Amino acid sequence: MQVKIYTDGAARGNPDGPGGYGAVLQYIDTKGQLHERELSRGYKKTTNNRMELMAAIVALEALNRPCQVDLYSDSKYLVDAFNQHWIDAWLKRGKNEDVKNVDLWKRLLKAKEQHQVSFHWVKGHADNPLNERCDQLATSAADGNDLFVDEGLNGLQK
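Along each chain, residues carry numbers from 1 onward, in the same order as the chain's sequence is written. Two thresholds apply to this predicted model, a pLDDT of at least 70 for residue-level local features and 80 or more for giving and counting side-chain atom pairs, whereas whole-chain, interface and lining totals are computed over all residues. Hydrogens and water are ignored here; the side-chain numbers use all heavy atoms of the structure.

**What to know about the overall build of the protein chain**
Next up, step 1: Broken down by element type, the protein chain carries 5 helices and 7 strands.
Next up, step 2: Taken from N to C terminus, the helices and strands of the protein chain fall in the order β-β-β-α-β-α-α-α-β-α-β-β.
Next up, step 3: For every residue, the accessible area obtained with a 1.4 Å probe (protein chains only) is divided by the maximum for its type, and the residue is called buried under 20%, exposed over 50%, and partly exposed between those limits. For the protein chain, with 158 residues in total, the buried portion stands at 45%.
Next up, step 4: Under the convention used here, a 1.4 Å probe and the Shrake-Rupley method define accessible areas, while residue burial counts only the protein chains that appear. Surface accessibility of the protein chain: about 8,700 Å² in total, with carbon and sulfur atoms responsible for 46%. For helices the rule is a DSSP run of H or I covering at least 4 residues; for strands it is a run of E covering at least 2, with both sets numbered from the N terminus onward.

What follows is the structure in structure tokens.
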């Protein structure tokens, strides 16, 4: 099955302030019908990069069977980590070395294991419908602050 995922994360400029992530899964079923599933949540006490990673993780974890995925994000950090193989280099350094967000990178790698994922950067500028969709997701999520980010491997706690 082919799936398009649109993600975004926002820390609203303050690591201790409201932040959020959002993701939309878009796919066509076997009858040719287009479906969308929105995953948006609010979080606090984190950074924008962690939000971008959480959006991608949660979207991929929501897929219950192997898919061919195009993931669109306005985060160059997220997209370049895969397209320029940064993540491979970071993880080869050794599991004990302090690498920012390595816990989430490992979780994202596990989430994408069963899928064929292509990461696409969405340039952030006005009148770009993909970027507007990404921004809409993050804003919607940031407005619903009801959870906190756990710095551990599980990622989430109430």
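**Some details on the environment of Leu-137**
Next up, step 1: Relative to the elements of secondary structure, Leu-137 occurs in helix H5 (residues 129–142).
Next up, step 2: Under the relative-accessibility criterion, Leu-137 is labelled buried at 0%.
Next up, step 3: Throughout, a contact is declared for two residues whenever any of their heavy atoms are within 4.5 Å. Filtering out sequence-adjacent residues up to four positions away, Leu-137 remains in contact with Tyr-6, Thr-7, Tyr-21, Gly-22, Ala-23, Val-24, Glu-38 and Ser-40.

**Concerning the packing of aromatic side chains**
Aromatic rings considered in pairs are described by the distance between their centres and by the relative angle of their planes.
Next up, step 1: The aromatic pairing rule takes the rings of Phe, Tyr and Trp, using the six-membered ring of Trp, and pairs them if the centres are within 6.5 Å, calling planes under 30 degrees apart stacked, those over 60 edge-to-face and the rest tilted. Under the defined criterion, the tally for this structure stands at 4 aromatic pairs.
Next up, step 2: A ring pair is formed by Phe-82 and Phe-119, whose centres lie 4.4 Å apart and whose planes are at 5 degrees; its orientation type is stacked. Of this pair, Phe-82 sits in helix H2 (residues 76–83) while Phe-119 sits in strand E5 (residues 116–121), placing them 37 residues apart in sequence.
Next up, step 3: Since its relative accessible area comes to 5%, Phe-119 is described here as buried.

**Considering the pattern of salt bridges**
Next up, step 1: Within this document, salt bridges are pairs made up of a side-chain nitrogen of Lys or Arg and a carboxyl oxygen of Asp or Glu, the two lying within 4 Å of each other. Under the defined criterion, the tally for this structure stands at 4 salt bridges.
Next up, step 2: Among the salt bridges present, the one from Arg-133 reaches Glu-36, with a minimum N-O distance of 3.4 Å. With a gap of 97 residues between them, Arg-133 in helix H5 and Glu-36 in strand E3 (residues 34–44) connect regions that are remote in the sequence.
Next up, step 3: Notably, a salt bridge pairs Arg-107 with Glu-61, separated by 3.0 Å at the nearest N-O pair.

**Re helix H4 (residues 102–112)**
Next up, step 1: Along H4, the residues that are buried comprise Asp-103, Leu-104, Trp-105, Arg-107, Leu-108, Ala-111 and Lys-112.
Next up, step 2: On its buried face, H4 is in contact with helix H1 (48–61), H2, helix H3 (86–92) and E5.

**With respect to the packing of H1 against H4**
Next up, step 1: Structural elements are reduced to axes, namely lines fitted to C-alpha atoms, with helices fitted over the stretch in contact, and the angle between N-to-C directions of any two is expressed from 0 to 180 degrees. Where H1 meets H4, the closest approach of the two axes is 9 Å, and the angle between their N-to-C directions is 25 degrees. Considering their axes alone, H1 and H4 lie roughly parallel with respect to each other. Where H1 crosses over H4, the two elements pack in a sense that is left-handed. Residues Arg-50, Leu-53, Met-54, Ala-56, Ile-57, Leu-60 and Glu-61 of H1 lie in contact with H4, whose contacting residues are Asp-103, Leu-104, Trp-105, Arg-107, Leu-108, Ala-111 and Lys-112.
Next up, step 2: Classifying every residue of the contact of H1 with H4 gives 9 nonpolar, no polar and 5 charged. Should an angle lie under 35 degrees it is considered roughly parallel, over 145 roughly antiparallel, and from 65 to 115 roughly perpendicular; all remaining angles are considered oblique. In this scheme, a crossing is called left-handed if the near helix is turned counterclockwise away from the far one by less than a right angle; it is called right-handed if the turn is clockwise. Charged means Asp, Glu, Lys or Arg here, nonpolar means Ala, Val, Leu, Ile, Met, Phe, Trp, Tyr, Cys or Pro, and polar covers whatever is left, Gly included.

**A short note on the nonpolar core**
Next up, step 1: Grouped together as the largest cluster of nonpolar side chains are 33 residues, with contacts concentrated most on Ile-5, Val-69, Leu-78, Trp-105 and Leu-108.
Next up, step 2: If you tally residues by element for this core, the top one is H1, at 9 residues.
Next up, step 3: Ignoring anything within four residues of it in the chain, the contact list for Leu-108 reads Leu-53, Ala-56, Ile-57, Leu-60, Leu-78 and Phe-82.
Next up, step 4: Ranked by size, the runner-up nonpolar core spans 5 residues in total, among them Tyr-6, Val-24, Tyr-72 and Leu-137. Residues belong to one nonpolar core when they are buried, are Ala, Val, Leu, Ile, Met, Phe, Trp, Tyr or Cys, and are joined through side-chain atoms within 4.5 Å.

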